[in-house]
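# Structural overview
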Amino acid sequence: MAFGRRMDGCGNFMKYSLFVVNVVILLGGLIVAGLGLWTVIDKSFANELLGTNLYSGAAYVLVITGLLVSFISCFGCFGAIKEVRCMLVTYFIALFLIFVTMLIGGILGYVFREKVDTTVRNGMLGSLKDYGNYRPVTDAWDETQMRLMCCGVHDYKDWRDNIPDSCCKPVLGRRQRCNLLVEHQNSFTLYTRGCLDVTKEYVKEHAVIIGSAGVVVACLMILGMIFSCVLFKMLE
């Protein structure tokens, strides 16, 4: 391994700047991984309805990427403090590859967002017929409608005359029987918003949080790459 000479004031500034940036990247990576894990654990109830693994797949990618970035940031911290050139090169290459992967993933997600909307809509419509016949789909619909306070794909009419009780608003903490109130359905007795629009809004709101965290981490990764290049040049 190639170690550096004693650094001057400017070199020490770059070294400790790279160290600080990597500490922040470490924290950012852990936050992104935490958000992905939270999505996997707490928001998996709708997976059976979406007709695609893109949502859960994206959450797993966040977890893996966050942990990988955190590990590499530790590598960068050690390379900066110990002034090891080969570690700085490895750190730069790994960070660059992750950055390019994140960039391509973001571009593809933006380009194919309409296709994803269509896939989710078709998946939800196709799962209606399995309600009551397939337990995972039944549980997914009930939990989605109760937690997101929605009913059906576009509205409660998607269920025709067999509206699930999970569409009914609770009264005094007790859920009502929807099928007994079909002829009297209104906004006071059941959720009138469709689950498709509510789910899309829900995903968009959380995508802003996750996307913002990803952008911050990406900017820090750029700083890390710049500092590692400059520090590499300063070392013998």
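Further up the page is the structure itself.
The structure presented is a predicted model; accordingly, all values stated were derived computationally and were not measured.

Turning our attention to the overall build of the protein. Helix and strand content of the protein: seven helices and zero strands. Reading the protein from its N terminus to its C terminus gives the helix and strand order α-α-α-α-α-α-α. Every one of the 236 residues in the protein was classed for burial, and the buried ones make up 39%. For the protein, the proportion of contacts with a sequence separation of at least 24, taken over those separated by at least 6, is 70%. Element-wise, carbon and sulfur atoms account for 67% of the exposed surface of the protein, whose accessible area totals about 13,300 Å².

Within the fold, D142 resides in helix α6 (residues 135–148). One buried charged residue, D142, forms no salt bridge at all, with the nearest opposite charge on R135 at 7.2 Å. At 2.6 Å, the side chain of D142 forms a polar contact with the side chain of Y131. Among residues more than four places away in sequence, those in contact with D142 are Y131, P164 and S166.

Attention now goes to the side chain of Q145. Position of Q145 among the secondary structure elements: in helix α6. Q145 sits in the buried class, given a relative accessible area of 0%. A polar contact is formed between the side chain of Q145 and the side chain of W159, at a distance of 3.0 Å. The residues contacting Q145, other than those within four sequence positions of it, are C150, C151, G152, W159, P164, S166, C167, Y191 and C195.

Right, let's talk about unusual backbone geometry for a bit. With a phi close to 55°, M149 is a non-glycine residue in the positive phi region. On the secondary structure map, M149 appears in the loop between α6 and α7 (195–234).

Now for α6. If you check α6, its first and last C-alpha atoms are 20 Å apart, about what 14 residues at 1.5 Å a residue would give, namely 20 Å. Within α6, the full set of buried residues consists of V137, T138, A140, W141, D142, T144, Q145 and L148. Backbone geometry just after α6 places M149 at a positive phi near 55°.

Once that is clear, we can look at the packing of aromatic side chains. Tallying each qualifying case throughout the model produces three aromatic pairs. Between F92 and F96 the ring centres are 6.3 Å apart and the planes differ by 10°, which places this aromatic pair in the stacked class. In this pair, F92 and F96 are both assigned in helix α4 (residues 85–111), four residues apart and thus about one turn of the helix distant. Judged by relative accessible area, F96 falls into the partly exposed class, the value being 40%. Measuring from centroid to centroid gives 5.3 Å for W141 and W159, while their planes differ by 75°, and the two rings are edge-to-face. Of this pair, W141 sits in helix α6 while W159 sits in the loop between α6 and α7, placing them 18 residues apart in sequence. By the burial criterion, W141 is buried, and W159 matches it. Aromatic ring contacts, followed pair by pair, group Y131, W141 and W159 into a single cluster.

L18, I25, V69, I72, Y91, L95 and M221 are the most contacted members of the largest nonpolar core, which has 23 residues in total. When residues of this core are traced back to their parent elements, those giving at least two are α1 (9–42), α3 (54–82), α4 and α7. Among the elements that take part in this core, α7 stands out by supplying eight residues, more than any other. Apart from residues no more than four positions distant in its own chain, I72 is found in contact with Y91, A94, L95 and I98.

Here is what the cut-offs are and how they apply
- Residues numbered from 1 in each chain as written.
- Predicted model: local features only at pLDDT ≥ 70, side-chain atom pairs only at ≥ 80, totals over all residues.
- Heavy atoms only, no water.
- Helix = DSSP H or I, 4+ residues; strand = E, 2+ residues; numbered from the N terminus.
- Buried < 20%, exposed > 50% of the residue type's maximum accessible area, 1.4 Å probe, protein only.
- Contact = heavy atoms within 4.5 Å.
- Areas by Shrake-Rupley, 256 points an atom, 1.4 Å probe, with all protein chains shown as cover.
- Lys, Arg positive; Asp, Glu negative; His and termini not counted.
- Salt bridge = Lys/Arg side-chain N within 4 Å of Asp/Glu carboxyl O.
- Polar contact = N/O pair within 3.5 Å; in protein donor to acceptor, adjacent residues only side chain to side chain.
- Expected span 1.5 Å × (residues − 1).
- Phe/Tyr/Trp six-rings, centres within 6.5 Å; stacked < 30°, edge-to-face > 60°.
- Core = buried A, V, L, I, M, F, W, Y, C linked by side-chain atoms within 4.5 Å.

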